[in-house]
Amino acid sequence: MFSSAALGLTDMKSLHIAIAGAGTTGLAAAAFLVRAGHDVRLFERFSEPRPLGAGILLQPTGLACLAQLGLDGDAIRLGARIDAIAGETALGRTVLDMAYAQLAPHYFGVGIHRGALFGILHHEVLRLGIPVTADVQVARSDLGSSGRRLVDTAGREHGPFDLVIDATGLRSPLRREADAQVRERPFPWGALWSAVPLPAEWPGKAILRQRYDGARVMIGVLPIGRLPGQDRDLAAFFWSLRADQYETWKAAGMNAWRSRVVALWPELEPVIAGLLRPDDLTFATYSDMTMRTPIGDRLVIVGDAAHCTSPQLGQGANLGLADAATLARCLSEGTDLAEALARYADARRRHVRFYQFASRWLTPFFQSESSAAAAMRDLTFGPASRLPFARRHMLATLAGIKTGPFSQLDPGDWHEAYRTAPQPAQAIAAVRQTVAPPG
Ligand SMILES: Cc1cc2nc3c(=O)[nH]c(=O)nc-3n(C[C@H](O)[C@H](O)[C@H](O)COP(=O)(O)OP(=O)(O)OC[C@H]3O[C@@H](n4cnc5c(N)ncnc54)[C@H](O)[C@@H]3O)c2cc1C
C-alpha cells in the first residue's frame, strides 16, 4: 500500500487517510472524507466499535453537519425534539428559561441516545464501505519520507498515510505530537448518568429540564427518544457529583440517595424508580484541555482529542461534527496539504475557543462548592434571560453558534436548511416537515 506521499506527490483530490478512533467525530470525518473522494481507513481500539457515554443534545450546528451527510432526518426521527431548556432551583426560582425559537423560528435541538447517534454514523460508514480495523490501540505516529504511520500498543505499524486524523477523544495518545505544550486540567466535578424510561406523564417532553440546589446539586432530565428497533421513550438522567465523592456515594446506599433526589424534585420518583444499584448509573468525569494548535505535519487532531470540555453547555459532539465537516471542506478547497490544514486550524479556532472558555467560565455556577456563585446565578440568570440583548446571546451560546462575545457562525454554511435567518420560507418548512411534533 503506497501513500501518494510515497510517490513524491500529494494528490489533494484523493488522499490516503487514517483516522484513529471510531467515535462520533471519527465516524463523521470518515463519512465526509470518503464522500469527498478520499481513501479512508478507520482504526479503533475496541474489537467492535461501540458507543460510550451519555445522551447527547444535538444543536442546530451538529444537525446542520449531519444534514450535509443526509443523516439529520434519522437523528430527528430517533431522537426527541428539544424546543427549550428550563432550569429552576429546588425552591422554584427560574434560573434558565430559553426556547430555541426565540433565536430562529425553525431552530430546535435533538436529544438523542449516544447509541442511536453512533448507530446512524456507523451504519453510514458501513454503507460507504469504509474499512474499520478493530482491536488497534494506537500508541503513537511516526513521520517518514513516505508519509505518516500509526504505531499501535502491540508495536504493529499501519500505513504510511498522506494524513493521520486523531479522533481518539479525551485520552488521545497523539495530540502531543502536534503540540508539545497541551494544557490539561481535570474538572473536580463529574456526573452520574443513566438512560431511563421516560414516564408517559412526564411534563415537558420537548424540554431539557434541570434543577439546582446551590452549586453542589444539579439534576437534569434530557428526553432522548428511542433506540433503533425499540418503542420505549427514554431520557438521560444526570446527577452532578464531585469526583472524590463517588466512592462515598456508592457506599451510602441507593435508598438514601433516591429519597434525596425525590425530596428535591418529587416528579422524579417514577423516573429514577429503576435505579436500584450504583452500577445502574455511570460516573463520567471530564477535563478541560487546550491546544495551541491542532495540526502537525500530516497530522490533525479533531473532536474531544483536540478540545475536551465540561459538558455543561452540551457542545462536545456538536464541535466534533463541525470539525469533521470543516476538515473535509478545507481539504477539498486546498491546493496543498499543509495549507489546507492551516486553513482548517484557522477556520475552527474561534468557535472551539469560545466554547472552551464559556464552559470553563460557566461550570462553577452549576458545579462547585461556591455558595456565592450559586447565589449570583439564582439572582441574575433568570432576569438577564428576560432582557432581549442578553437573551439573544444566551440563546446563541446554547445553540452552539457563538465564535466570540459578539460574533457567531451560521449553521447554514454547512446546510442551507439550518441557516440562522433562512431566506426562503421553504427551508423552514423542509426542516419542520422532518420533525415529528413533540409527544
Ligand atoms: C456526561 C456527559 C454528557 C455529555 N453531553 C453532551 C451533549 O449533550 N452534547 C454534546 O454535544 N456533547 C456532550 N458530551 C460530550 C461528548 O460526549 C463528546 O464531546 C463526544 O463524544 C466526543 O466525540 P469524539 O468522537 O471526539 O470522542 P469519543 O466519543 O471519546 O470517541 C473516541 C473514540 O476513539 C477510540 N479510541 C480511544 N483511544 C484510542 C486509541 N488509543 N486507539 C484507537 N482508538 C481509540 C474510542 O474507543 C472511541 O471510539 C457529553 C459528555 C459527557 C461525559
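Residues numbered from 1 in each chain as written. Predicted model: local features only at pLDDT ≥ 70, side-chain atom pairs only at ≥ 80, totals over all residues. Heavy atoms only, no water.

### Brief notes about the packing of aromatic side chains
What the rule picks out here adds up to 13 aromatic pairs. Each ring, one from Tyr212 and one from Phe366, has its centre 5.3 Å from the other, and the planes form 65 degrees; the classification is edge-to-face. Here Tyr212 is found in strand 15 (residues 207-213), whereas its partner Phe366 is found in helix 10 (residues 337-366), with 154 residues between them in sequence. For Tyr212, a relative accessible area of 1% gives the class buried. An aromatic cluster is defined as three or more aromatic residues linked by ring pairs; in this entry it consists of Phe237, Trp239, Tyr246, Trp249, Trp257 and Phe283. (Phe/Tyr/Trp six-rings, centres within 6.5 Å; stacked < 30°, edge-to-face > 60°. Helix = DSSP H or I, 4+ residues; strand = E, 2+ residues; numbered from the N terminus. Buried < 20%, exposed > 50% of the residue type's maximum accessible area, 1.4 Å probe, protein only.)

### A look at the packing of helix 10 against helix 11 (residues 371-385)
Between helix 10 and helix 11, the shortest axis-to-axis distance is 7 Å and the interhelical angle comes to 100 degrees. Taken together, the axes of helix 10 and helix 11 lie roughly perpendicular to each other. Judged by residue contacts, Leu362, Pro364, Phe365 and Phe366 of helix 10 engage Ala373, Ala374, Met376, Arg377 and Phe381 from helix 11. Residues of the contact of helix 10 with helix 11, tallied by class, amount to 8 nonpolar, no polar and 1 charged. (Axes fitted to C-alpha atoms, helices over the stretch in contact; angles between N-to-C directions. Parallel < 35°, antiparallel > 145°, perpendicular 65-115°, else oblique. Contact = heavy atoms within 4.5 Å. Nonpolar A, V, L, I, M, F, W, Y, C, P; charged D, E, K, R; others polar.)

### Re the pattern of salt bridges
What the rule picks out here adds up to 30 salt bridges. With a closest N to O distance of 3.2 Å, Arg343 and Glu333 form a salt bridge. With a gap of 10 residues between them, Arg343 in helix 10 and Glu333 in helix 9 (residues 316-333) connect regions that are remote in the sequence. According to the relative accessible area criterion, Arg343 is partly exposed, its value standing at 32%. The class for Glu333 is partly exposed, based on a relative accessible area of 42%. Residues joined in a network through salt bridges with shared partners are Arg183, Arg185, Asp288 and Arg360. (Salt bridge = Lys/Arg side-chain N within 4 Å of Asp/Glu carboxyl O.)

### Some details on the packing of helix 1 (residues 24-35) against helix 4 (residues 114-127)
Packing of helix 1 against helix 4 leaves a shortest axis separation of 9 Å and a crossing angle of 30 degrees. Once helix 1 is placed against helix 4, the crossing between them reads as left-handed. Across the interface between the two elements, Thr24, Leu27, Ala28, Ala30, Ala31 and Arg35 of helix 1 pack against Leu117, Phe118, Leu121, His122, Glu124, Val125 and Arg127 of helix 4. Across the contact of helix 1 with helix 4, the residue classes break down as 8 nonpolar, 2 polar and 3 charged. (Left-handed = near helix turned anticlockwise from the far one by under 90°.)

### With respect to the domain arrangement of the chain
When the domains of the chain are assigned, the result is domain 1 (1-52 + 115-186 + 287-368) and domain 2 (56-112 + 188-285 + 370-401). Taking only C-alpha atoms into account, the centre of domain 1 sits 28 Å from that of domain 2. Inspection of the domain 1/domain 2 interface yields 0 salt bridges. There are 17 residue pairs in polar contact (both at pLDDT 80 or more) connecting domain 1 and domain 2. At the level of secondary structure, the elements contributing two or more residues to the side of domain 1 that touches domain 2 comprise helix 1, helix 4, helix 9 and helix 10. (Domains from an automatic or database assignment. Polar contact = N/O pair within 3.5 Å; in protein donor to acceptor, adjacent residues only side chain to side chain.)

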